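# Summary of structural features
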Amino acid sequence: MKKTILLFAICAMTICGLTAYVSSQDAAAPQPNANVPAPPPAKTTEELFNIPPEATAEELEQRILEIINHRPEGVTNQEQAVAYMEKQTAALGTVADLMLKRTDATEEQKDTARMIKLQTLAMGSRDNPDKAVADIEAYQKELVEAKSDVLYQAQMMVFQLKMQKTAMAAMMGQPGDHVENFKKILGEAKTFLAANEFKPEYAMLPMMMLSVAEMIDRDGKAGLQKQVIAELKPVLEKSDADEAKEILARMEGMLRFAELPGSEMQFECTLLDGKKLDIKEFRGKVVLVDFWATWCGPCRAAIPTMKTLYDKYHDKGFELIAYSCDEDLDDLKTFEKESPHPWLVGSVLLSMENKLTDYSEYYGIPGYPTFVLADKDGKVRVVSHDINEVGAKLAELFPEAEAAK
């Protein structure tokens, strides 16, 4: 069975997919093509979820696909969607159990079944996350005996559920010391990574921890992201795995990003006209660096406000550098030709051609657009995805412009 089936199984066992189906029921149904033979009648939900215990491995494999792709009848609201999902999960669990008992099943088919069983156990986290974690930890013993690579997915699932519980509690304002709870999980993750040979599946763990740290510690006062990097970096440095090296590079970039506020920004690039630019040349001016891409909707939506700010403050000592992270230089050139802008436009690709650093990677830019605003002394005053936050800070930095209104 193709590995993509594993991904389909995961998607099918989330409420997101079914909710999307519910909201799509108003869409027009496709019209039949008279030249194409009609498909066999689709199984009803009841027929589909009635799994014959004598089914062969091939038949069970086909049934997994049918269950995943099934469009339920009469599901029109969230409550019905949840009820259907529970039945779907139970049916997939039954198929998985039968597959694992089949002597004619290949190891790939059995691993698909093991992955489905893992996801079924994880679904229990909706009602009782602690029990789901305990169930998956118990299931790991079975995976060890089977020498299955699904074990690595199960190990990561445990950490994911623990972090999910802590993050949700923090976001919903539930009582408890969420920072300390997170630090406890971080300690467990450090111990785990130090005790095990680094696997590709483990690469997601440091990045998950950094994301959850940002969710819990939004103002950065607890320094959780920095602590994640400080704790996990020495462990990752001991591994020769390419995945570990890639994560290290990303973590170092994220640390630089976290330390930008209040520090001087290092930045060079090559402009579309081929000239090299160094932000140090603009000492005495307020400089905004916009990490963006032409394909990014929010980036393009911010352009009118950027134009307003540029027109308002440029003559008073404001410079704007739009640093394109496009992977196709022609897209950028076409965009700027069709909608020329008055500010400086640089390119990651042109910069790298000229042996300059890719500063989107250097700073671990988390998403586009990302705005970095430095004052006349070169100190970063704002790091934000919101151009309006930049505008508010510019009003403070140029009080004379506001007074002249």
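The rules behind the values
Residues numbered from 1 in each chain as written. Predicted model: local features only at pLDDT ≥ 70, side-chain atom pairs only at ≥ 80, totals over all residues. Heavy atoms only, no water. Axes fitted to C-alpha atoms, helices over the stretch in contact; angles between N-to-C directions. Helix = DSSP H or I, 4+ residues; strand = E, 2+ residues; numbered from the N terminus. Parallel < 35°, antiparallel > 145°, perpendicular 65-115°, else oblique. Left-handed = near helix turned anticlockwise from the far one by under 90°. Contact = heavy atoms within 4.5 Å. Nonpolar A, V, L, I, M, F, W, Y, C, P; charged D, E, K, R; others polar. Salt bridge = Lys/Arg side-chain N within 4 Å of Asp/Glu carboxyl O. Buried < 20%, exposed > 50% of the residue type's maximum accessible area, 1.4 Å probe, protein only. 1 Å grid on protein atoms, 1.4 Å probe; cavity = no way out; pocket = protein on both sides within 12 Å on 5 of 7 lines; lining within 4 Å. Points joined across faces, edges and corners; volume = space filled by probe spheres on them. Pairing = 2+ DSSP bridges. Expected span 1.5 Å × (residues − 1). Arc of directions from axis to C-beta.

Attention now goes to the packing of helix α10 (residues 204-216) against helix α11 (residues 224-237). Contact geometry of α10 with α11 gives a least axis separation of 8 Å together with a crossing angle of 165 degrees. Comparing their axes, α11 and α10 come out roughly antiparallel. Of the two possible hands of crossing, α10 and α11 adopt the one that is right-handed. Contacts from Pro 206, Met 209, Leu 210, Ala 213, Glu 214 and Ile 216 of α10 reach α11 at Leu 224, Gln 225, Val 228, Ile 229, Leu 232 and Leu 236. Of the residues contributing to the contact of α10 with α11, the split by class is 10 nonpolar, one polar and one charged.

Summarising the element assignment, Thr 270 is placed in strand β1 (residues 268-271). Those residues within four positions of Thr 270 in sequence are excluded, and the remaining contacts are Lys 275, Lys 276, Gly 346, Ser 347, Leu 350, Ser 351, Asn 354 and Leu 356.

Side chains that differ in charge, positive against negative, can pair when their charged atoms come close. For the structure shown, the criterion picks out 17 salt bridges. Here Glu 107 ties to Arg 114 by a salt bridge, and the two come within 3.4 Å at their closest N and O atoms. Between Lys 276 and Glu 268 there is a salt bridge, with the nearest N and O atoms lying 3.3 Å from each other. Its relative accessible area of 52% is what places Lys 276 among the exposed residues. Within the structure, one salt-bridge network assembled from shared partners comprises Glu 107, Asp 111 and Arg 114.

Once that is clear, we can look at empty space enclosed by the protein. For the structure shown, the criterion picks out one cavity of 30 Å³ or more. Roughly 40 Å³ of volume is contained in the largest cavity. The wall of the largest cavity is formed by Asp 290, Trp 292, Cys 299, Ile 303, Met 306, Ala 322, Phe 335, Glu 336, His 341 and Trp 343. Secondary structure elements with two or more residues in the lining of the largest cavity: β3 (286-292), α13 (297-313) and α14 (329-338). Taken together, the residues that form the lining of the largest cavity break down as seven nonpolar, one polar and two charged.

Spatially, β2-β1-β5-β4-β3-β6-β7 is the arrangement adopted by the seven strands of the open sheet, whose pairing is mixed. The open sheet has two edge strands with one neighbour each: β2 (276-278) and β7 (380-384). Between one strand and the next, the sheet's axes are offset by a mean angle of 30 degrees, whatever the strand orientation. Here β3 runs beside strand β6 (residues 370-374); their pairing, made up of five bridges, is antiparallel. Looking across to β6, one finds that Val 287 is bridged to Ala 374.

Turning our attention to the environment of Glu 243. Among the secondary structure elements, Glu 243 is positioned in helix α12 (residues 242-258). Its relative accessible area of 28% is what places Glu 243 among the partly exposed residues. In contact with Glu 243, other than residues within four places in its own chain, are Phe 198, Pro 200 and Ala 203.

The first and last C-alpha atoms of helix α4 (residues 57-69) sit 19 Å apart over 13 residues, in line with the 18 Å expected at 1.5 Å per residue. Listed in full, the buried residues belonging to α4 are Ala 57, Leu 60, Glu 61, Arg 63, Ile 64, Ile 67 and Ile 68. End-on view of α4: buried residues confined to an arc of 160 degrees, all on one side of the axis. Across α4 from its buried face, at more than 90 degrees, point the exposed residues Glu 58 and Asn 69.

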